[in-house]
Structure formats: structure tokens, C-alpha cells
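# Per-entry structural report
Now for the letters of each chain:
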Amino acid sequence: MKEGRPVAVETRHLIQVRYSLSTICLSSLLQDALEVLVEYHELTEIEGPRVAYSRAASVLKSLPWTIESMGGTEALPCVGEKTRTLIQEILQYGRSFEVEKILADERYQTLKLFTSVFGVGPKTADKWYRRGLRSFSQILADPDVQLNRMQQNGFLHYTDLSRGLSAAEARAVEAVVGETVRTVAPNARVVLTGGFRRGKEFGHDVDFIVTTAEPGRENSLLPLIMGRLEEQGLLLFQAHHPSTLALKKIPCRRFEAMDYYSKCFLILKLEGSRVQGGGQAVPAGRGWRAVRVDLVAPPIERFAFTQLGWTGSKQFERDLRRFARVERNMLLDNHALFDKNQFLAAVTEKDIFAHLGLEYMEPWQRNA
Ligand code: 8DG
Ligand code: MN
Ligand code: MN
């Protein structure tokens, strides 16, 4: 309750407060349950239910009211029979038996553990599971398991990377990356994207877009930046994917979820002294922690599409692309917006929303 409220609160008011607390619990139960179902189908790579449950979750999350009964739920878009059964179960018992079964499932638990390592996707996790491996120590002791460089670093920095980053740490990373870019490419521009641009308080990495106005120069930016980070002793790991944009001709037949831009996936050393408030997650004595950072460097004329694509959330991107396709008969991806037989130009994200006939949505409104 807010401070400054009169002590003698009316009974009616109290009941309302208590009531809204119980509905908050109910809706968070429902959201947690849907999250488990989405994750389970993601890990086991079953696409249909994953899509269905994530759409239902984002519809339920965006409702201006909380669900208190089944009435009206059949009219909700994207909320299908299975989600309605789930809602019913949670309303009736305050829990879901299907979700509890998944949570107790050994395969689910193991796949979730394995994919929590940087560089380990559902396929590798499943391969290890089918080999009978159940723990990190078993993986690391198995002479037949070959870890790639990314996975080796994932295990090496596991404790730091699995801790996630606070907004204060993300700001510190932004300052480090900003200084580095200004040193090696004073004319380049670096902007924050991903979850922290959406105003999230916690994230698993920090994402940036780097651009330059000099055509073609974007391809040399990331190696320069990585070189400078290395000189400063801050680069713990790098995987660079040079641009493949020229190889794949645009317009491409199939609009891709990912993109062809030059990008790198990094692990950087973040010094605690750089974090305002000291950085609680920086282990004492060591003075630094490892953080995951992604950089993407598109050509300047692709900036707006890259920014819209990399700001996320992933569910928002899926929904927006689907809207473009189904409602507008257009194709949207990280490179372009294609309408019938022409590309629509955009300098800012606002231009893209306008082309789609949508009101502009601020990054914090894209957390679906
Ligand atoms: P968080 O888990 O990092 O806190 O949340 P996030 O910032 O929303 O997720 P992310 O995994 O960092 O991805 C940010 C956006 O970047 C997301 O909408 C997907 C997008 N993205 C692309 N292409 C690529 C790519 O090639 N690799 C990666 N890692 N992300 C990409 O559009
Ligand atoms: Mn991110
Ligand atoms: Mn990322």
C-alpha cells in the first residue's frame, strides 16, 4: 500500500485490496504456467504448441483486466481450447497438473539445465540427454563429448553468465562499449537495443547496433571494436560472423527471422568499479564479472529495420511480422519491408509503423 494512506481504511477498500492481490496471484500463476509450457515445447522443439501457448500468453498479458472466471475467455483471440483448460484448472485448483508434470520431468529439467550454458542449443542438449548425460560434471568428464569454443567458454563463465545483468550493469557496459567505439571509429554511432532498450530491469546480455555513414565501412567496424576491447584486456570471448548480405540477394524469396549483417557474440570483463553502486553481482576479491554482449553492424540505410528487429521482444517481432503478412500482405524482416513489388524505405522505426498503418509503439510497449 502507498505511504500516506489514512490508517482507518474502509472495509470495502480492504476487501478490494485483498481481492486484487488474489487476482494478481492468479494471473501470475497463469503466466508462470504458460511460460513453462512455452519453454517445454521450445526445448523439445515442438513448434505448433509453442507458438499457440506464446500467443495466448501475450494476449493474456496484455489484457487490461485480470481473469476471474471462464466467462468471456472464449472470445479472446489466440486463446485456444488447451489454454482455456489450463485457465479452468488454475481457477479451480490454484495449480496445473500438466505443468507440475512437466516441471518434474527429468528430460525437461535436464534440457533446461544444459541449454542454460552459452553455446548449447536444444539439439546439443538433446544429444547429450540421449547419451545418458544428466549433469555438467558428467558432460565435462565424458571423453567422447567435444565442446566447441563457445561451449567451453559457456562452462568457464557459467556462474557469471547465468546470474543475469541489472540495468545498472547494462549502463556500465554501454559506457565501456561507447568509449571503445569512439576510440576506434569516432564517426560511428552505437545505440542500445534488445531488452534493455525496452526498459527491462534484468537481462541475459546487452545488445548494441553500431553504424557508420561511410558506405561499406560497417563491415570493418566490429573487428576494430573487438581489437580495442582485446587491447584493454576486456575481451574474454568473441565469435564474429561477417556479413553475408551481399551473398544473399535482396529481395530474398523467404523472409528470414535472423539476418545477414555483420555481428559478434562476446563475453566481456566488466569491472565492478564501473558499475554505479559497485555492482552487487561482481564477486568480491576478483573485482570483475563476465557479461554477454551482442553487437550488430548493418549498413546505415538498414538501420531502422535492424533497430526494430533487434529491439524485440521475440514474441513482439513474431506478432508484428505476422500482422504485416496477414493484415497488410507485406513482408517485414530485419532488412526490409516489402509491399507487393516494391521496398518501402524507412529512416526511423516510426516510418515502418506508419507504412504498416500502425500507431508508433515505444520500446517499453513491446515487452509482449
Ligand atoms: P534478454 O534475454 O537478452 O534479456 O532479452 P532480449 O534482449 O529481448 O533477447 P536477445 O536474445 O538478446 O535478443 C534481442 C533481439 O535480437 C531479439 O528480438 C532477436 C534479435 N536478433 C535478431 N537476429 C539475431 C541474431 O542473429 N542473433 C541473436 N542473438 N539475436 C538476434 O534479430
Ligand atoms: Mn538481449
Ligand atoms: Mn542478444
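Residues numbered from 1 in each chain as written. Chains lettered and ligands numbered in written order. Predicted model: local features only at pLDDT ≥ 70, side-chain atom pairs only at ≥ 80, totals over all residues. Heavy atoms only, no water.

### Description of the coordination of the manganese ion (ligand 3)
Around the manganese ion (ligand 3), the protein supplies Asp 205 (OD), Asp 207 (OD) and Asp 294 (OD) as donor atoms, at distances of 2.1 to 2.2 Å. Of note, the manganese ion (ligand 3) draws all its donor residues from one chain, in the sequence arrangement D-x1-D-x86-D. (Donors = N, O, S within 2.8 Å, 3.2 Å for Na, K, Ca; no water.)

### Notes on the coordination of the manganese ion (ligand 2)
Protein-derived coordination of the manganese ion (ligand 2) comes from Asp 205 (OD) and Asp 207 (OD), at a distance range of 2.0 to 2.1 Å. Separation of the manganese ion (ligand 2) from the manganese ion (ligand 3) amounts to 3.6 Å, with Asp 205 serving as a shared donor to the pair. On the basis of relative accessibility, which here comes to 6%, the residue Asp 205 falls in the buried class. Under the relative-accessibility criterion, Asp 207 is labelled buried at 9%. (Buried < 20%, exposed > 50% of the residue type's maximum accessible area, 1.4 Å probe, protein only.)

### Some points on the site of ligand 1
Residues in contact with ligand 1 amount to 18 residues; listed here are only the nearest, Gly 195, His 204, Asp 205, Lys 314 and Asn 334. With respect to ligand 1, the side chain of Arg 198 contributes an N or O atom lying 2.9 Å from an oxygen atom. Residue Asp 207 places a side-chain N or O atom 3.1 Å away from an oxygen atom belonging to ligand 1. The fraction of the free accessible surface of ligand 1 (620 Å²) that becomes covered by protein chains is 85%. Tallied by class, the residues present in the shell around ligand 1 amount to three nonpolar, seven polar and eight charged. (Near = heavy atom within 4 Å. Polar contact = N/O pair within 3.5 Å; in protein donor to acceptor, adjacent residues only side chain to side chain. Areas by Shrake-Rupley, 256 points an atom, 1.4 Å probe, with all protein chains shown as cover. Nonpolar A, V, L, I, M, F, W, Y, C, P; charged D, E, K, R; others polar.)

### Let's talk about the sheet that holds strand 9 (residues 337-339)
Strand order in the open sheet made by the three strands is 8-9-10, with antiparallel pairing throughout. Two strands close off the open sheet at either side, each with one partner strand: strand 8 (330-332) and strand 10 (342-343). Where strand 8 and strand 9 come together, three bridges link them in antiparallel fashion. Bridge pairing in strand 9 links Leu 332 to Leu 337. (Pairing = 2+ DSSP bridges. Helix = DSSP H or I, 4+ residues; strand = E, 2+ residues; numbered from the N terminus.)

### A closer look at the confidence of the model for the chain
Residues with a pLDDT of 70 or more make up 89% of the chain, whose mean pLDDT is 89. Overall, residues 1-22 carries pLDDT values under 50, and its contacts beyond four positions in sequence, including any with other chains, amount to four contacts. Interface scoring of the predicted complex returns ipTM 0.96; its pTM is 0.87. (pLDDT = per-residue confidence, 0-100. Contact = heavy atoms within 4.5 Å.)

### Describing the sheet that holds strand 4 (residues 206-211)
Spatial ordering of the open sheet is given by 2-4-7-6-5, a layout of five strands whose pairing is mixed. Looking at the sheet topology across the chains shown, the edges are occupied by strand 2 (189-193) and strand 5 (235-241). Recorded for the sheet is a direction-independent mean angle of 25° between the axes of neighbouring strands. Against the sheet, helix 10 (residues 167-184) makes contact with strand 2, strand 4, strand 6 (262-271) and strand 7 (288-297), and its axis sits at roughly 25° relative to strand 4, the strand it touches most. Packed onto the sheet, helix 12 (residues 218-231) meets strand 4, strand 5, strand 6 and strand 7 and runs at close to 20° relative to strand 6. (Axes fitted to C-alpha atoms, helices over the stretch in contact; angles between N-to-C directions.)

### Some points on the packing of aromatic side chains
In total, this model carries nine aromatic pairs according to the counting rule given. Where Phe 114 meets Trp 128, the ring centres are 5.9 Å apart and the plane angle is 75°; that geometry is what we call edge-to-face. You can see Phe 114 sitting in helix 5 (residues 106-115) and its partner Trp 128 sitting in helix 6 (residues 122-130), a full 14 residues away along the chain. The pair formed by Phe 114 and Trp 128 is uniform in burial state, with each residue classed as buried. Ring geometry for Phe 118 against Phe 237: centres 5.6 Å apart, planes inclined by 85°, an arrangement best described as edge-to-face. (Phe/Tyr/Trp six-rings, centres within 6.5 Å; stacked < 30°, edge-to-face > 60°.)

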